[in-house]
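# Secondary and tertiary structure notes
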Amino acid sequence: MQQVKNSTQPRKLYRFHGGIHLPDNKKQSIGLAVEKARLPQQLIIPLSQHMGEPAEVLVKVGDHVLKGEIIGKPQGYISAPVHAPTSGVVTAVEARPVPHPSGLPAQCIIIDSDGEDRWCELPEKISDYSAQEPALLRERIRNAGIVGLGGAAFPTSVKTNPGPDTPIHTLVINGAECEPYITCDDMLMRQQAEQVLTGAAILRHIIGADSCLIAIEDNKPEAIAAMGAAVTAAGMVWAEVVSIPTRYPSGGEKQLIKILTGEEIPSGGIPSQIGFVCHNVGTAAAVADAVLEGKPLISRYVTLTGSGISNPCNLEVLIGTPANELIEQAGGYTATVEKLILGGPMMGFTLESDAVPITKAANCLLATDSTESPSSGVALACIRCGRCAEACPVSLLPQQMYWYSRAKDLEKTQQYNLFDCIECGCCSHVCPSHIPLVQYFRFAKTESWAKERETKASDRARARSEARTARQERIKAERKALQAKKKAALAKKKAAEKEGGSDPKKAAIEAAKARAAKKKTQMAQEGVEPGNTENLTDTQQKAIDEVDSRRGEVAAEMRKDEEATDSSEQKGL
Amino acid sequence: MQFPSFTSPHTDRPNSVRENMLWVIAALMPGAAAMFWYFGWGIIINMAIASATAVSCEALVMKMRGRQASSAVGDMSALLTALLLAVALPPLLPWWLTVIGTAFAIVVVKQLYGGLGYNPFNPAMAGYVLLLISYPVQMTSWLPPVMLNENPLTLVQTAMVIFSGVLPTDLTWDALTMASPLDSMRTQLDLNVTLSEIKLSPLWGDFGGRGWEWAGNWFLLGGLFLIYKRVISWHIPVSMLGSLLLIAMLFHFIDQDAYPFGLFHIFSGGTLLGAFFIATDPITACTTRKGQLIFGVGIGLTIYVIRTWGGYPDAVAFAVLLFNMAVPLIDHYTQPRVFGHSAENGGRSGE
């Protein structure tokens, strides 16, 4: 069990390998208290703002929706609903540009605000969460559309459900915010410490953790003080605010747990495997809102900063607000602006247009000029200096992975543990040859996935073709067996004929002959002219009868074949 | 508003190849200046010849390969190779040998393998070894240090010797040059002269050859500066010097008259230059930390073995080249344990 330590004793902290010191650049955006952003005229709500399946549209053009109303329901377990951020009319459901590294448009619900900002009827408030079943609270979190607000946007309800066989001893609340420039979590902790703490308490109750560590980098003394005061005021003895050294990427889940406890999440694993669950401070605050007030996740804190923005600040923004409106509110761009980045300078990606909406995962709009974020120019050859390996927080050898990625030797990249790469960008940052290493690793990962898919597809195709060959051979064999059987039967029949025994076929022929003869006499009596199948000689009649009986046998055989084929195809062969 | 797209990270990069090379060149300067002080103008002239040769060869080959010559020259790596080679060459070496050595280093050892970053061998040392095994006489004719030099040459005289082979009147090669301290130590030890007798010679200073030891001090200082600037890490120099010192001390302890004391090995020949400037060449050295320690120890021990029982008085170049060859192997078996992996497979997976 994880012991909760007295806060007067400083906690023993651990170091992860590598990492880098970066200029903070946090001061610019932290001057003012967080204000609510202006209500935009039009909101663009992407259906996919989370990991997993996109939400399914529940509204149609022309519908009037109220603030907080669910407009997209989750599809599948790993998914989240989306809600109307304000009241208004749905004017379109169509593909729009969204903030995504691919730059591709995605399906969005467009709402024209009616300016009233009228709430829909919210679910009942829960004041005593500790009396509630965890499952019910989880359901509430799911219905509120809460996803990890630290940037990964993994559905929170899924993360709070580690399963009965996975005991959780520690909840980690991540207030590390290690990327330069970004201050929205810092501001949240300063301004809504109680809310964050309540969220932590609810999450702890749901996952059944003993203790809770609230980790904050030591470059945020105000946030540490505010959270510490909130913990003391609430008398929450199980919670501890831990000040950790400022070192990128200490805000990574794996790095954070290593710093706090010295434990390493196994490669390819998740924190719950070793008894941890980790949530961002923003997520915790959203959970508190959802449980206590019944409010869905329709807004978040966003940092607007960089020397490309006139008045850097933090704003509380409705999800779906176009980025350009926020930038306008922050005084617009400066004359020197060159890049617009969503997220921090290390892991963020550039936006080609500012006409994209803020999503649940969007924590920062960073507009930079050429001096603070110069374009790296032409990459030189790797000089094997090894600084990338020194900086890698996962102890990888980026230089070797780069070499094999370039050579498209995917197997080798995986031997060098490509999939342990967290894409933090430390290696690219320190590379004296300015090689975009992380880009190569993303490429190699995508290629590996594609190759795996291809392998799977070709495996399936091979299995199909093998099954087909097997089927054909079986049919052939069956046919042969049938022929053999028929031959045997024929031989038997001949033998029986020789012995003069009664043969059913012969009997049938006799009977048919008798019938024909009878008909013939009947027709003669009635004075009807015989057709071409009547008035046959005995030999003719016999031939026809034989053909008929053979036909019957072949038909039966064919039916059998068809059945066999059908059943094998149904088995998916 | 529309913006161009870039790949992450979007930060000001803290260093560049050019910057690294320039720091190494800067750190080399105190030692080079000391060499100039003790051994005269020859060092400067060699540096000039080698630099001109290296830069023009680099530009020429890049052009022939259809690449941009300016970026290759601009990264300063060719210049650094030239300077490293030049400080290792005897001061009065005929100019065409310097040209051959440098051209071989740049064209064959570096560019034919693909240029910067692709050469498995240290170009400067390969050039040095080519000259040493092809022209042993010229390569082992050293000037005596300034305090022992009865015939110091002027700049013009030095240039005359280097470019035309014409010696100043009344002087012969024998009067002008002498063996290096390491060389003379070897010869005398082979003649069964004891170490204490050898050390009486005016050629010897406190730790190593007079002059040499002080040039060594300045190389040491430059090297420490590089470690401080984090251009190189301590692993290779420390393990290389440490292993050389330890083994030398061990043998010296066993027989004080036959095996020179530890510090002599450190402050003689190319040891300090090699430890901080040659073996640490990132392109041809091990990249993993553990590998760098093995690499350094290997070089240190090899230097001792060749110096003591081998055919050459100094062995830095041979030792470095030998271990350049071992780099891929060492790197392969010294991969660090990756975060979240068990220690069992030593960081490697899928083998």
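Rules used throughout
Residues numbered from 1 in each chain as written. Chains lettered and ligands numbered in written order. Predicted model: local features only at pLDDT ≥ 70, side-chain atom pairs only at ≥ 80, totals over all residues. Heavy atoms only, no water. Helix = DSSP H or I, 4+ residues; strand = E, 2+ residues; numbered from the N terminus. Rg over C-alpha atoms; globule rule 2.2 N^0.38 Å. Contact = heavy atoms within 4.5 Å. Areas by Shrake-Rupley, 256 points an atom, 1.4 Å probe, with all protein chains shown as cover. Lys, Arg positive; Asp, Glu negative; His and termini not counted. Charge placed at Lys NZ, Arg CZ, Asp CG, Glu CD. Pairing = 2+ DSSP bridges. Salt bridge = Lys/Arg side-chain N within 4 Å of Asp/Glu carboxyl O. Buried < 20%, exposed > 50% of the residue type's maximum accessible area, 1.4 Å probe, protein only. Axes fitted to C-alpha atoms, helices over the stretch in contact; angles between N-to-C directions. Parallel < 35°, antiparallel > 145°, perpendicular 65-115°, else oblique. Left-handed = near helix turned anticlockwise from the far one by under 90°. Nonpolar A, V, L, I, M, F, W, Y, C, P; charged D, E, K, R; others polar. pLDDT = per-residue confidence, 0-100. Phe/Tyr/Trp six-rings, centres within 6.5 Å; stacked < 30°, edge-to-face > 60°.

## Description of the overall build of chain B
Tallying secondary structure elements over chain B gives 17 helices and 0 strands in all. Relative to the compact-globule value of 20 Å for 351 residues, chain B shows a C-alpha radius of gyration of 22 Å, a close match. The principal-axis extent of the C-alpha atoms belonging to chain B is close to 80 × 50 × 30 Å. For chain B, the proportion of contacts with a sequence separation of at least 24, taken over those separated by at least 6, is 75%. Within the structure as shown, chain B displays about 14800 Å² of accessible surface, and the carbon and sulfur contribution to it stands at 67%. Mean positive and mean negative side-chain charge positions of chain B (16 and 19 charges, respectively) differ by 15 Å.

## What to know about the overall build of chain A
In terms of regular secondary structure, chain A is built from 15 helices and 17 strands. Here the C-alpha radius of gyration of chain A, 37 Å, is well above what a compact globule of 573 residues would show, namely 25 Å. Each principal axis of the C-alpha atoms in chain A carries an extent, and together these give about 120 × 60 × 55 Å. When contacts within chain A are restricted to residue pairs at least 6 apart in sequence, long-range pairs at least 24 apart make up 73% of them.

## Quick notes on the pairing of strand β7 (residues 88-97) of chain A
Residues and elements named next belong to chain A. As defined by bridge partners, strand β4 (residues 64-65) adjoins β7 across 2 bridges and the pair is classed as antiparallel. From the neighbouring strand, His64 faces β7, where its bridge partner is Val89. Relative to strand β8 (residues 105-113), β7 is paired through 9 bridges, and the arrangement is antiparallel. In the sheet register, Val93 faces β8, and the bridge partner there is Ile109.

## Section: the pattern of salt bridges
Enumeration over the complete set of coordinates arrives at 23 salt bridges over all chains. For Arg190(A), the salt bridge is made with Asp186(A), and the minimal N-O distance between the two is 3.1 Å. You can see Arg190(A) and its partner Asp186(A) sitting in helix α3 (residues 184-191), 4 residues apart, about one turn around the helix. Taking the relative accessible area as the measure of exposure, Arg190(A) reaches 28% and is therefore partly exposed. Its salt-bridge partner being Glu390(A), residue Arg289(B) comes within 2.4 Å of it at the nearest N-O pair.

## Notes on the packing of helix α12 (residues 212-228) of chain B against helix α15 (residues 271-278) of chain B
Residue and element names in this part refer to chain B. Between α12 and α15, whose axes approach to 8 Å, the crossing angle comes to 15°. The orientation of α12 relative to α15 falls into the category roughly parallel. Between α12 and α15 the crossing geometry is left-handed. In this structure, α12 uses Gly216, Asn217, Phe219, Leu220, Gly222, Gly223, Leu224, Leu226 and Ile227 to contact α15, whose residues at the interface are Leu272, Leu273, Phe276 and Phe277. When the residues that make up the contact of α12 with α15 are grouped by side-chain class, the tally is 9 nonpolar, 4 polar and no charged.

## Topic: the environment of Ala72(B)
Looking at the secondary structure, you find Ala72(B) in helix α3 (residues 69-74). Residues Ala72(B) and Arg289(B), 217 residues apart in the sequence, show an inter-C-alpha distance of 28 Å.

## Notes on the confidence of the model for chain A
Averaged over every residue, the pLDDT of chain A is 89; the share at 70 or more is 94%. Across residues 1-7 of chain A, confidence stays below pLDDT 50; counting only partners more than four residues off in sequence or on other chains, it has 12 contacts.

## Points about the sheet that holds β8(A)
Pairing is antiparallel in the open sheet, where 4 strands are placed in the order β2-β8-β7-β4 (chain A). Edge positions in the sheet fall to β2 (42-46) and β4 of chain A, since each has one partner strand and no second.

## Comments concerning the packing of helix α4 (residues 193-207) of chain A against helix α5 (residues 221-234) of chain A
All names here are of chain A. Their axes nearest at 9 Å, the elements α4 and α5 cross at an angle of 60°. Of the possible angle classes, the one that applies to α4 and α5 is oblique. Viewed along their axes, α4 and α5 form a crossing whose handedness is right-handed. For the pair α4 and α5, the contacting residues are Ala193, Glu194, Val196 and Leu197 in the first and Ala226, Met227, Ala230, Val231 and Ala234 in the second.

## Looking at unusual backbone geometry
With an omega of 0°, the peptide bond between Tyr248(A) and Pro249(A) qualifies as cis. One can find Pro249(A) in the loop between β11 (239-244) and α6 (253-261). Of note, the bond from Ser8(B) into Pro9(B) is cis; its omega dihedral lies within 30 degrees of zero at -5°. For Pro9(B), the position within the fold is in the segment before α1 (17-39). Backbone geometry at Glu177(A) places phi at a positive 35°, although glycine is not the residue there. The topology assignment puts Glu177(A) in the loop between β9 (170-175) and α3. Although it is not a glycine, Met76(B) sits at a positive phi angle of roughly 70°. One can find Met76(B) in the loop between α3 and α4 (77-88). The exposure class of Met76(B) is buried, given its relative accessible area of 17%.

## Some details on the packing of aromatic side chains
The description of two aromatic rings rests on the distance between their centres and on the angle between their planes. Applying the stated rule across the entire model yields 20 aromatic pairs over all chains. Considering the side-chain rings of Tyr402(A) and Tyr440(A), the 4.9 Å spacing of their centres and the 85° angle between planes classify their relative orientation as edge-to-face. With Tyr402(A) in helix α10 (residues 398-406) and Tyr440(A) in helix α13 (residues 437-499), the pair connects residues that are 38 residues apart, well separated along the chain. When the centroid spacing of 5.2 Å and the interplanar angle of 75° are considered together, the rings of Phe251(B) and Trp309(B) count as edge-to-face. Within this pair, whereas Phe251(B) is found in helix α13 (residues 235-254), its partner Trp309(B) is found in helix α16 (residues 289-309), the two being separated by 58 residues in sequence. Judged by its relative accessible area of 48%, Trp309(B) falls in the partly exposed class.

## A few points about the sheet that holds strand β16 (residues 349-350) of chain A
Residues and elements named next belong to chain A. If you trace the 6 strands from one edge of the open sheet to the other, you get β1-β14-β13-β17-β15-β16, paired in mixed fashion. Strands with a single pairing partner mark the edges of an open sheet, and in this sheet they are β1 (35-36) and β16. Looking at chain direction, strand β13 (residues 299-305) and strand β14 (residues 313-318) are connected through 6 bridges and run antiparallel. Paired with Val302 across the bridge in β14 is Leu315. On top of the sheet, α3 reaches β13 and β14; it is set at about 125° to β13, its chief contact.

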